[in-house]
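Residue-level listing of the chains:
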Amino acid sequence: MTPADISRTVLHAVRRAVDENALRAPVPARVRVERTRPGGSGDYACAVALQLAGPAALPAREVAALLRDRVVGAPGIGRVEITGPGFLNFTLDASADGAARVRQVLEHGLRYGWSTECAGQVHQLHHRREVRAAVVAGTVMKLLRAQGALGRVTCEEASDPGWARLGVTVDANGRPPVPLAQTRPVPAGATTGELLERLGADATRWGLLRPAGHDRATLGDELLVQGEGNPLFLVRYAHARARALTREAERLGFTARYDEDVDAPALHAALADHPGVLAAAARHRAPDRLARHLETVAHAFFDFHDACPALPVGDEKPSAAHRSRLALAEAAGTVLAGGLSLLGISAPEHL
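Structural notes, computed from the coordinates. (Residues numbered from 1 in each chain as written. Predicted model: local features only at pLDDT ≥ 70, side-chain atom pairs only at ≥ 80, totals over all residues. Heavy atoms only, no water.)

Concerning the overall build of the protein chain
Right, so step 1: Of the regular secondary structure elements, the protein chain holds ten helices and eight strands.
Right, so step 2: Seen through its principal axes, the protein chain has C-alpha atoms that stretch 70 × 65 × 30 Å.
Right, so step 3: Out of the 351 residues in the protein chain, the part that is buried amounts to 51%.
Right, so step 4: Counting only contacts in the protein chain whose residues sit at least 6 apart along the sequence, the fraction spanning at least 24 positions is 71%. (Helix = DSSP H or I, 4+ residues; strand = E, 2+ residues; numbered from the N terminus. Buried < 20%, exposed > 50% of the residue type's maximum accessible area, 1.4 Å probe, protein only. Contact = heavy atoms within 4.5 Å.)

This is the structure:
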């Protein structure tokens, strides 16, 4: 169950409470659900009861109790608690949720985590004629579109012809007649041609997008190192390794199917976080959040891969456990490929 799933469940509970006349308050357009902060309870938290308490003329904890009674027992939710002034805290049903999530990832493919959170919004991002600003603006627009928004990217001056090799497109040039959202990360300090000649398109994009916009971009030769100390290599290697497992399983005559719970909490958590990370990266116009998340997925994948082999060893025959582990590995590879695609970076099948 993703944050978006929990949000829909809570929103449905609000509507039920209003329809049953147990709660007299306007139904919000959306409910924000976030990862529980350090020291909190459960996996996710929601403050909707505090939002509805005023209009309902009820204490927030009483509103939370009304909603809790209508959320408890929903598929994928194991426990619901009320903390503080009226926060709803959700603990997921790990066994049921893991299987559903893996199936959801494999069903949605590269679009897992895309949503309609920004549906109806229209954005125009404007940037200067500088390579990092152009790459960041284009990537932010891709993230916004993945959340259902519409928009275009404009540049102060004529586009750099080299940007096309980085996958950058600009819809219009020239200073707009009205103020627009400006994309102004710290400049790269190098020209497009220099970066492409030295690093190539993929490493250049990662180097420009991985640091937060207010930090300087790291554009040294370490981006080309073929080792796990290079985050870009780590992410792409994890994807390639997941794809290799699928190919080898086919050779051994079995395919992925999540029939048995796999004990890989860090990887399950990383996959569950992916939709929320995409939404936050779009909302805050921060593609670095997605890049860091892909590193988290890659680390969790390798920990799982080392502890729970997806392929039989020696005379061992493929079992339900192997099929389930393979399904989880394929889900991880799919999330990595989808995230890299949104960053405009290729995800090779072989490394």
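Digging into the pattern of salt bridges
Right, so step 1: Evaluated as defined, the whole model comprises 18 salt bridges.
Right, so step 2: In this structure, Glu-349 and Arg-243 form a salt bridge, with 3.8 Å as the shortest nitrogen-oxygen distance. Of this pair, Glu-349 sits in the segment after helix H10 (320–342) while Arg-243 sits in helix H7 (residues 231–252), and the two are 106 residues apart along the sequence.
Right, so step 3: Taking relative accessible area as the criterion, Arg-243 reaches 18% and is therefore assigned buried. (Salt bridge = Lys/Arg side-chain N within 4 Å of Asp/Glu carboxyl O.)

Quick word on the packing of aromatic side chains
Right, so step 1: Scanning the entire structure with this criterion turns up four aromatic pairs.
Right, so step 2: Considering the side-chain rings of Phe-233 and Tyr-237, the 5.4 Å spacing of their centres and the 10° angle between planes classify their relative orientation as stacked. Of this pair, Phe-233 and Tyr-237 both sit in helix H7, separated by four residues, roughly a single helical turn.
Right, so step 3: Taken together through their ring pairs, the aromatic side chains of Phe-233, Tyr-237, Phe-301, Phe-302 and Phe-304 make up a single cluster. (Phe/Tyr/Trp six-rings, centres within 6.5 Å; stacked < 30°, edge-to-face > 60°.)

Things to note about the sheet that holds strand S2 (residues 44–46)
Working definition: the strands of a sheet are paired by backbone hydrogen bonds and lie parallel or antiparallel to each other.
Right, so step 1: The four strands lie next to each other as S1-S2-S4-S3, forming an open sheet whose pairing is antiparallel. The outermost strands of the open sheet, each flanked by one partner alone, are strand S1 (33–35) and strand S3 (77–83). Averaged over all adjacent pairs, the angle separating strand axes in this sheet is 30°, with direction ignored.
Right, so step 2: Of the pairings in the sheet, the one linking S3 to strand S4 (residues 87–92) comprises six bridges and is antiparallel in character. Each bridged residue has a counterpart across the sheet, and for Val-80 the counterpart in S4 is Phe-90. (Pairing = 2+ DSSP bridges. Axes fitted to C-alpha atoms, helices over the stretch in contact; angles between N-to-C directions.)

Description of the nonpolar core
Within soluble globular proteins, side chains that are nonpolar tend to cluster in buried spots.
Right, so step 1: Core analysis: the biggest nonpolar cluster contains 74 residues, and Trp-206, Leu-267, Phe-301, Phe-304 and Leu-328 have the highest contact counts within it.
Right, so step 2: Mapped by element, the contributors of at least two residues to this core are helix H4 (94–108), helix H5 (131–146), strand S6 (150–155), helix H6 (192–209), H7, helix H8 (265–283), helix H9 (287–307) and H10.
Right, so step 3: Those residues in contact with Phe-304 that sit more than four places away from it in its chain are Val-262, Ala-264, Leu-267, Arg-325, Leu-328 and Ala-329.
Right, so step 4: Met-1, Ala-25, Val-31 and Val-80 belong to the second largest nonpolar core, which has 30 residues in total. (Core = buried A, V, L, I, M, F, W, Y, C linked by side-chain atoms within 4.5 Å.)

Focus: the environment of Ala-332
Right, so step 1: Looking at where Ala-332 falls in the secondary structure, it is placed in helix H10.
Right, so step 2: Residue classification places Ala-332 among the buried positions, given a relative accessible area of 0%.
Right, so step 3: Sequence-wise, Ala-332 and Gly-220 are 112 residues apart; in three dimensions their C-alpha atoms are separated by 28 Å.
Right, so step 4: With residues up to four places along the chain from it excluded, the contact list for Ala-332 reads Leu-267, Leu-271, Val-297 and Phe-301.

Focus: the side chain of His-274
Right, so step 1: With respect to the helices and strands, the residue His-274 is situated in helix H8.
Right, so step 2: For His-274, a relative accessible area of 2% corresponds to the buried category.
Right, so step 3: The contacts of His-274, once residues within four sequence positions are left out, are Tyr-112, Gly-113, Leu-290, His-293 and Val-335.

Observations regarding helix H1 (residues 3–19)
Right, so step 1: Helix length check: H1, at 17 residues, gives a terminal C-alpha distance of 24 Å against a target of 24 Å (1.5 Å per residue), a fit within 8%.
Right, so step 2: Every buried residue belonging to H1 is among Pro-3, Asp-5, Ile-6, Ser-7, Thr-9, Val-10, Leu-11, Ala-13, Val-14 and Ala-17, and all of these are buried.
Right, so step 3: Note on H1: the residue one or two positions beyond its end, Asn-21, has a positive phi of about 65°. (Expected span 1.5 Å × (residues − 1).)

Looking at the packing of H5 against H6
Right, so step 1: Contact geometry of H5 with H6 gives a least axis separation of 11 Å together with a crossing angle of 40°. Relative to H6, the element H5 lies oblique. The hand of the H5/H6 crossing is right-handed. Residue-level contacts link Val-131, Arg-132, Val-135, Val-136 and Thr-139 of H5 to Thr-192, Leu-195, Arg-205, Leu-208 and Leu-209 of H6.
Right, so step 2: Grouping the amino acids of the contact of H5 with H6 by side-chain chemistry returns six nonpolar, two polar and two charged. (Parallel < 35°, antiparallel > 145°, perpendicular 65-115°, else oblique. Left-handed = near helix turned anticlockwise from the far one by under 90°. Nonpolar A, V, L, I, M, F, W, Y, C, P; charged D, E, K, R; others polar.)

Focus on the pairing of strand S5 (residues 122–127)
Right, so step 1: Alignment of S5 against S6, held across six bridges, turns out to be parallel. Residue pairing across strands places Val-122 opposite Leu-150, the latter belonging to S6.
Right, so step 2: Crossover connection from S5 via H5 to parallel S6: handedness right-handed. (Right-handed = clockwise from strand over helix to strand, strands pointing away.)

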